[in-house]
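Chain residues, written in single-letter form:
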Amino acid sequence: MKSSNLALALASLLAFGTLAPAFADDNTGLDKAVNGSLIVTRIGGLGAAMVVGMPIAIVRETTRSYRGLTNSAADKVGGKDFGPSCLLVSLITAPAALVVGGAKGTYIGSRNAVTHGFNDPFNSESFSVGKLEE
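Note that the structure is a prediction, hence the values are computed from the model and not measured.

(A) Representation of the pattern of salt bridges. By the definition in use, this model includes 1 salt bridge. Salt-bridge contacts for Glu 61 lead to Arg 64; the nearest nitrogen and oxygen are separated by 3.2 Å. On the criterion of helical spacing, the pair formed by Glu 61 and Arg 64 is a turn pair, its members being 3 residues apart in helix α3 (residues 39-77).

Shown next, in the form of C-alpha cells:
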C-alpha cells in the first residue's frame, strides 16, 4: 500500500513537472499548450473547408459571374429584359462565366479555408456559406 502511494505521488509530480513551464509567464505558455493541442482540430477544419468550401465558392462565383456577364452583354445587344438577347449572349457568357467563376471561386474558397478554417475551424465562413467578398 505504501509503495503504491509513493508511486502515485511520484507520477503526479512527474506529470506536473512536465507541465510546469506552461504555467510560467502569465498564462502565455498555457495558451501555447492549448493551441498546440488544438492543432489536429485546426488541420481537420482546414482540410474540410478546402474539400467542402471550395466547390461551394466555385458554384457561387460562377453563377454570380454568369449573371453579371449576361446582363452587361445583353444590354449591348438588345436589353437585359429582352429574353432572346439574353439567350443569344448566353452562348458566349456561359463558358466565360465557367472560366471566370472557377478561377475566382478557387481563389476565394481557398482563401476562406486558410484564413477562417485554421483560426476558427468548422465555421460557416470557412465553408464559404456566408457572404463572399468582392
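(B) Spotlight on α3. Its 39 residues place the ends of α3 55 Å apart at the C-alpha level, agreeing with the 57 Å of an ideal helix rising 1.5 Å per residue. The axis of α3 is deflected most strongly, by about 35 degrees, at Gly 53, and proline Pro 55 appears within four residues downstream. Of the residues making up α3, those classed as buried are Arg 42, Gly 45, Ala 49, Gly 53, Met 54, Ala 57, Glu 61, Thr 62, Ser 65, Thr 70 and Ala 74.

(C) Inspection of the side chain of Asn 112 at higher detail. Topologically, Asn 112 is positioned in helix α4 (residues 83-119). Asn 112 gets classed as buried once you look at its relative accessible area, which sits at 6%. In terms of polar contacts, Asn 112 uses its side chain to reach the side chain of Ser 128, at 3.3 Å.

(D) Structural view of the environment of Gly 45. Structurally, Gly 45 can be placed in helix α3. Separated by 73 residues in sequence, Gly 45 and Phe 118 place their C-alpha atoms 6.3 Å apart. When sequence neighbours within four positions are dropped, the list of residues in contact with Gly 45 reads Gly 117, Pro 121 and Phe 122.

(E) Structural detail: the side chain of Ser 126. Here Ser 126 lies in the segment after α4. A polar contact is formed between the side chain of Ser 126 and the backbone oxygen of Asn 123, at a distance of 2.6 Å. Those residues within four positions of Ser 126 in sequence are excluded, and the remaining contacts are Ala 49, Gly 53, Asn 112, Ala 113, His 116 and Gly 117.

(F) Looking closely at the packing of aromatic side chains. Taken as a whole, this structure holds 0 aromatic pairs when the rule is applied. Here Arg 42 stacks its cationic end above the ring of Phe 118, 5.7 Å away from the centre of that ring.

(G) Inspection of α4 at higher detail. The end-to-end C-alpha distance of α4 is 46 Å, clearly below the 54 Å that 37 residues give at a rise of 1.5 Å each. In the structure, α4 departs most strongly from a straight axis at Ser 90, where the bend amounts to approximately 50 degrees.

(H) Focus on the environment of Ser 110. Of note, Ser 110 is situated in helix α4. The sequence separation of Ser 110 and Ala 49 amounts to 61 residues, and the corresponding C-alpha distance is 8.1 Å. Those residues in contact with Ser 110, other than ones at most four positions away along the chain, are Met 50 and Met 54. One polar contact links the side chain of Ser 110 to the main-chain carbonyl oxygen of Thr 106, over a distance of 2.8 Å.

(I) Spotlight on unusual backbone geometry. In the Ramachandran plot, Phe 122 falls in the positive-phi region, its phi being about 60 degrees despite a non-glycine side chain. Residue placement: Phe 122 occurs in the segment after α4. Here the phi dihedral of Ser 128 falls at roughly 60 degrees; this positive angle occurs in a residue that is not glycine. Under the relative-accessibility criterion, Ser 128 is labelled buried at 2%.

Each value, and the rule that gives it
Residues numbered from 1 in each chain as written. Predicted model: local features only at pLDDT ≥ 70, side-chain atom pairs only at ≥ 80, totals over all residues. Heavy atoms only, no water. Salt bridge = Lys/Arg side-chain N within 4 Å of Asp/Glu carboxyl O. Helix = DSSP H or I, 4+ residues; strand = E, 2+ residues; numbered from the N terminus. Expected span 1.5 Å × (residues − 1). Bend = angle between axes of the 7 residues up to and from the residue. Buried < 20%, exposed > 50% of the residue type's maximum accessible area, 1.4 Å probe, protein only. Polar contact = N/O pair within 3.5 Å; in protein donor to acceptor, adjacent residues only side chain to side chain. Contact = heavy atoms within 4.5 Å. Phe/Tyr/Trp six-rings, centres within 6.5 Å; stacked < 30°, edge-to-face > 60°. Lys NZ or Arg CZ within 6 Å of the ring centre and 35° of its normal.

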